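Understanding the architecture of this molecule
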Amino acid sequence: MENLPLRNLLISVDESEGSIKAFNWALDNLYKEGDTVYVFHVIPPGQYMVLSTDLGIDEVIEDDPATQKKQEDHARQFLTSKFSPVMDAKKIPYRIEITKFATDNDSIGSIICKRAEQLNAAAVVMAKHSKGKLQEFFVGSVTSYCTHHCKSPVLVMHAD
């Protein structure tokens, strides 16, 4: 095993059961000794649009700093309680990364693909959520974006 190159595995997670299943599947079936696992979570934008009576956008209100910190603390607590103990028990080298969705120009999927490219990830692992065609049409699908745009292989766990 000494001659095998080290790999980085990027596992994109949220708080769904599907993400937990995809994470466990990746560790059981994809992880090899010497790999580093990156558990990656994107905090979605916390903003609300105020619509006028003619349905034009009057203003966009961002979450206040206290609410943003609360979201970050919640994400950190969830990720470290759900994923760290599993990797610690298996002695798997890992990093937990949380990033905020910080721009209107990038989708969550594009953020995942950019991180995978930065890591030169051997694979991106994620769960697919069944949102329904109408919701997917309006808000898009992170897994769909990643399967079409990531330069790394993308493994999708159909967990719902």
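What comes next concerns the included structure. Remember, it's a predicted structure, so these values are computed and weren't measured experimentally. (Residues numbered from 1 in each chain as written. Predicted model: local features only at pLDDT ≥ 70, side-chain atom pairs only at ≥ 80, totals over all residues. Heavy atoms only, no water.)

A short note on the packing of aromatic side chains
Within this structure, the stated rule accounts for 2 aromatic pairs. Each ring, one from F23 and one from F83, has its centre 4.6 Å from the other, and the planes form 70°; the classification is edge-to-face. Here F23, found in helix α1 (residues 17-29), pairs with F83, found in the loop between α2 (65-82) and α3 (84-89); they are 60 residues apart in sequence, far enough to count as distant. For F23, a relative accessible area of 1% corresponds to the buried category. Ring plane angle 85° and centroid distance 6.0 Å describe the contact between F78 and F83, whose orientation is recorded as edge-to-face. Neither F78 nor F83 differs from the other in exposure class; each is buried. Clustering of aromatic rings is evident, with ring pairs tying together F23, F78 and F83. (Phe/Tyr/Trp six-rings, centres within 6.5 Å; stacked < 30°, edge-to-face > 60°. Helix = DSSP H or I, 4+ residues; strand = E, 2+ residues; numbered from the N terminus. Buried < 20%, exposed > 50% of the residue type's maximum accessible area, 1.4 Å probe, protein only.)

Structural notes on the sheet that holds strand β7 (residues 154-158)
Read across the sheet, 5 strands follow the order β5-β2-β1-β6-β7 without closing on themselves; strand pairing throughout is parallel. A single partner strand is all that each edge strand has here, and the edge strands are β5 (94-100) and β7. Pairs of neighbouring strands in the sheet enclose a mean axial angle of 20°, with direction left out of account. Sheet topology note: the strand β2 (residues 36-43)/β5 ladder contains 7 bridges and is parallel. Within the sheet, the bridge partner assigned to V37 lies in β5 and is Y94. (Pairing = 2+ DSSP bridges. Axes fitted to C-alpha atoms, helices over the stretch in contact; angles between N-to-C directions.)

Observations concerning the nonpolar core
Of all hydrophobic cores here, the largest spans 20 residues; its most connected members are I11, F23, L27, V37, V39, F83 and M87. Secondary-structure elements contributing two or more residues to this core are β1 (8-12), α1, β2, α2 and β6 (123-128). Tallying contributions element by element places α1 first for this core, with 5 residues. Apart from the residues within four sequence positions on either side, V39 is in contact with I11, V13, F23, L79, F83, M87, R95, I96 and E97. Among the nonpolar cores identified, the runner-up in size contains 15 residues, and L10, V42, F101 and V124 belong to it. (Core = buried A, V, L, I, M, F, W, Y, C linked by side-chain atoms within 4.5 Å. Contact = heavy atoms within 4.5 Å.)

Quick word on the environment of N24
For N24, the location among the structural elements is in helix α1. Here N24 falls in the partly exposed class, since its relative accessible area comes to 29%. Through-space distance from the C-alpha of N24 to that of M87 is 9.9 Å; in sequence the pair is 63 residues apart.

Concerning the side chain of H41
Positionally, H41 belongs in strand β2. Residues contacting H41, with those up to four places away along its chain left out, are V13, D14, A75, L79, E97, I98 and T99.

Topic: unusual backbone geometry
Phi is positive for K91, which is not a glycine, with a value near 55°. For N120, which is not a glycine, the phi torsion comes out positive at approximately 50°. The residue N120 is located in the loop between α4 (108-119) and β6 in this model. Given a relative accessible area of 64%, N120 falls into the exposed group.

Description of the pairing of β1
Among the 5 residues in β1, 5 count as buried, and that is most of the element. Residues N8, L10 and S12 of β1 are buried on one face, and the alternating residues L9 and I11, pointing to the opposite face, are buried as well. Pairing geometry for β1 and β2, over 5 bridges, is parallel. Within β2, the residue paired with L10 across the bridge is Y38. At this point the chain moves from β1, through α1, to the parallel β2, and the crossover so formed is right-handed. Where β1 lies against β6, 3 bridges are found, and the strand directions are parallel. Counted as the bridge partner of L10 is V124 from β6. (Right-handed = clockwise from strand over helix to strand, strands pointing away.)

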